[in-house]
Amino acid sequence: MSEEPAVVIHPAKNIEGGIRLPGDKSISHRYAMLAALAEGTTRLDNFSTGKDCASTLDCLRNLGCRSETTRKGETLSVEIHGTGMNLQAPQNVLNCGNSGSTIRMMSGILAGQAFESEMTGDESLSRRPMARVMKPLAEMGATITAAEGNRPPLRIRGAKLHGIDYAMPVASAQVEACVLFAGLFAEGETVVRSRIRTRDHTELALRAFGAEITRNMGEVRILGGQRLRAIEGGVPGDISTSAFFLCAAALFPGSQLAIDSLGLNPTRARLLDILVQLGVKIRVTQLEELNGELVGTVQAEGGPLKGSKISGGDTAALIDEIPILAAIAPYTADGIEIRDAGELRVKESDRITSIVGNLRAMGAEVEEFPDGLRIPGGQSLRGARIGSFDDHRIAMAFAVAGLRAEGETEIEGAECASISFPGFFDLLESLVRR
Ligand code: S3P
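First, a word on what this report is: a plain description of the structure on this page. (Residues numbered from 1 in each chain as written. Predicted model: local features only at pLDDT ≥ 70, side-chain atom pairs only at ≥ 80, totals over all residues. Heavy atoms only, no water.)

Neighbouring residues of the ligand: S26, R30, S101, R104, M105, S172, A173, Q174, R199, I319, D320 and K347. Take R30: an N or O atom from its side chain is 2.6 Å from an oxygen atom of the ligand. Take S172: an N or O atom from its side chain is 2.7 Å from an oxygen atom of the ligand. Bound to the protein, the ligand loses 94% of the 380 Å² it would expose on its own. According to the grid-proximity analysis, the pocket containing the ligand is the largest pocket. Elements supplying a minimum of two residues to the shell around the ligand: α1 (25-37), α3 (100-110) and α5 (173-184). Considering each element in turn, the shell around the ligand owes the most residues, three residues, to α3. The residue makeup of the shell around the ligand, split by class, is three nonpolar, four polar and five charged. (Near = heavy atom within 4 Å. Polar contact = N/O pair within 3.5 Å; in protein donor to acceptor, adjacent residues only side chain to side chain. Areas by Shrake-Rupley, 256 points an atom, 1.4 Å probe, with all protein chains shown as cover. 1 Å grid on protein atoms, 1.4 Å probe; cavity = no way out; pocket = protein on both sides within 12 Å on 5 of 7 lines; lining within 4 Å. Sits in = over half its atoms within 2 Å of the grid points. Helix = DSSP H or I, 4+ residues; strand = E, 2+ residues; numbered from the N terminus. Nonpolar A, V, L, I, M, F, W, Y, C, P; charged D, E, K, R; others polar.)

So, in structure tokens, the structure goes:
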């Protein structure tokens, strides 16, 4: 049991309002890393306020890349002074905190340096599998050692890398980013292949920073030795964070929610299709492009919810949204089944176990599978004291489930929401009508 006081969620009647969200976590990590390698100073508005992206900036500072952040209200801007591909050997072990994206993507960059470095993280990160990045980077010529079971800390001895043709055994955007970043430092061409499409922020970001990179069906190619140049711009609002607010609105017929400047990259926006399938009225307006990323306004209106089955490529596309979809599933008419989601077991927590445990604690019937879960519809939940499992998406998902439960829901260790969005509970409360 966590020592921290629990956050208490009271039942709501409705969700109403207009909001804008902090910058997307996936895009913020990539922009920060590429800015550190670029020539010139990159200025980014609406950078992610999450602790994970702060870990990336910290690691980059340790590698000789200066950056300054400025906060105006809830909005964070950052200036990153590029090193022109000249990172310095770190004085300390690089602490990636809770961030799988930081350790995996950064390992690609560190593999191409002429020095040795070590990356570590918190208890949760120290349990996460790293073989998926160690294997391709070793093939490219780096020497990487890890703790037992290929878990962090990772010790990376950089080398003169050579390009490889790599078919990813697990569809992972983090691994793709890692190999493509290493490809920048490699001799010749690096190819990454995947049967399943994952988020394409890496190639869009590389292009925005001036690199040439090509995609053809399931393969992405990059030539080593390219230079990057700084950019100015903003980070689109985080669509994975928006999922909690959109699902909260979905729970109550009559809810009206608008989110502007939201990232709507098609490889991330499957959530909107699922919400429409469930019966939520969604309108997308004000579409624009920002450094290759699609941005727009989403309006959602709650209504009676049907059901859904999510599997295959949809599961990969929705991997970060599954906790919240599962948490609202009991309130749908036909339930939600999620399959092909074994990857959820190696996220910040074993998300299948965390979701099943919390739903059961709130009185729901759930069936668990090795690769997913099935939650029958037409159920009501009762408030309970539930765990966050130190996992930001679990804490936020069950805060939303608690809005329609009977009685109070107490979430232990809910402050872990700050991993992706420190302002989450205040913003949610500002939208709730009782
Ligand atoms: C991310 C990719 C996904 C996702 C994570 C962020 C990224 O992880 O779950 O939150 O920014 O590339 P995997 O690549 O492990 O699927």
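With that settled, consider the environment of G372. Note that G372 resides in strand β23 (residues 372-375). Setting aside residues no more than four positions away along its own chain, G372 makes contact with I338, I352 and E367. (Contact = heavy atoms within 4.5 Å.)

A separate point is the nonpolar core. Soluble globular proteins tend to pack their nonpolar side chains together in the buried interior. Of all hydrophobic cores here, the largest spans 78 residues; its most connected members are I15, F245, L246, L257, F398, L403 and F424. If sequence neighbours within four positions are ignored, L246 has contacts with L257, I259, L271, L272, L275, V298 and A300. Counting 67 residues, the second-largest nonpolar core is a separate cluster that includes I103, L137, V175 and C178. (Core = buried A, V, L, I, M, F, W, Y, C linked by side-chain atoms within 4.5 Å. Buried < 20%, exposed > 50% of the residue type's maximum accessible area, 1.4 Å probe, protein only.)

Looking now at the sheet that holds strand β14 (residues 213-216). Reading across from one edge, β11-β13-β15-β14 is the order of the four strands in this open sheet, with mixed pairing throughout. Whereas interior strands pair on both sides, the edge strands pair on one side only; in this sheet they are β11 (165-167) and β14. Recorded for the sheet is a direction-independent mean angle of 15 degrees between the axes of neighbouring strands. Direction of pairing for strand β13 (residues 189-193) relative to strand β15 (residues 219-223): antiparallel, over a ladder of five bridges. Of the residues in β15, the one forming a bridge with V192 is V220. Across the sheet, helix α6 (residues 201-208) is in contact with β14 and β15; its angle to β14 comes to roughly 145 degrees. (Pairing = 2+ DSSP bridges. Axes fitted to C-alpha atoms, helices over the stretch in contact; angles between N-to-C directions.)

Attention now goes to the packing of helix α12 (residues 392-403) against helix α13 (residues 424-431). The N-to-C vectors of α12 and α13 enclose an angle of 20 degrees; their axes lie 11 Å apart at closest approach. In terms of their interaxial angle, α12 and α13 are classed as roughly parallel. When the axes of α12 and α13 are compared, the crossing they make is right-handed. Residues A395, M396, A399, V400 and L403 of α12 touch α13, and the partners they reach there are F424, F425 and L428. Residues that form the contact of α12 with α13 fall into these classes: eight nonpolar, no polar and no charged. (Parallel < 35°, antiparallel > 145°, perpendicular 65-115°, else oblique. Left-handed = near helix turned anticlockwise from the far one by under 90°.)

A word on the pairing of strand β2 (residues 14-20). Pairing of β2 with strand β26 (residues 432-433) involves two bridges; the strand directions are antiparallel. Opposite N14, over in β26, you have R433 as the bridge partner. Both β2 and strand β17 (residues 256-263) contribute to a ladder of five bridges, which runs parallel. Note on β17: the bridge partner recorded for G17 is L257.

Moving on, we come to the layout of surface pockets. In this structure, the largest pocket spans a volume of roughly 670 Å³. Along the wall of the largest pocket there are 42 residues; nearest its centre are A171, S172, A173, I319 and K347. Mapped by element, the contributors of at least two residues to the lining of the largest pocket are α1, α3, α5, α9 (312-317) and α12. Of the residues assigned to the lining of the largest pocket, the class counts are eleven nonpolar, 13 polar and 18 charged. Around the second largest pocket, the lining is made up of 24 residues, and of these R20, L21, N46, D260 and S261 lie nearest the centre. (Points joined across faces, edges and corners; volume = space filled by probe spheres on them.)

Below, the discussion takes up α3. Counting buried positions along α3 yields eleven of eleven residues, so the element is predominantly enclosed. Here α3 has its buried residues at G100, S101, T102, I103, R104, M105, M106, S107, G108, I109 and L110.

This part is about the sheet that holds strand β3 (residues 41-47). The strands making up a sheet associate through hydrogen bonds between their backbones, and the pairing can be parallel or antiparallel. In space, the four strands of this open sheet follow the order β4-β5-β3-β16, with mixed pairing throughout. Looking at strand neighbours, the two that pair on one side only are β4 (67-72) and β16 (232-234), the edges of this open sheet. Averaged over all neighbouring strand pairs, the angle between strand axes comes to 15 degrees, with direction disregarded. Looking at chain direction, β4 and strand β5 (residues 75-81) are connected through six bridges and run antiparallel. Bridged to T70 within β5 is S77. With respect to the sheet, α1 is in contact with β3, β5 and β16, its orientation differing from that of β3 by roughly 170 degrees.

To continue, consider the side chain of T198. The residue T198 is located in the loop between β13 and α6 in this model. Residue T198 is classed as buried on the basis of its relative accessible area, which comes to 10%. Once residues within four sequence positions are removed from consideration, T198 is found in contact with A171, S172, A173 and T267.

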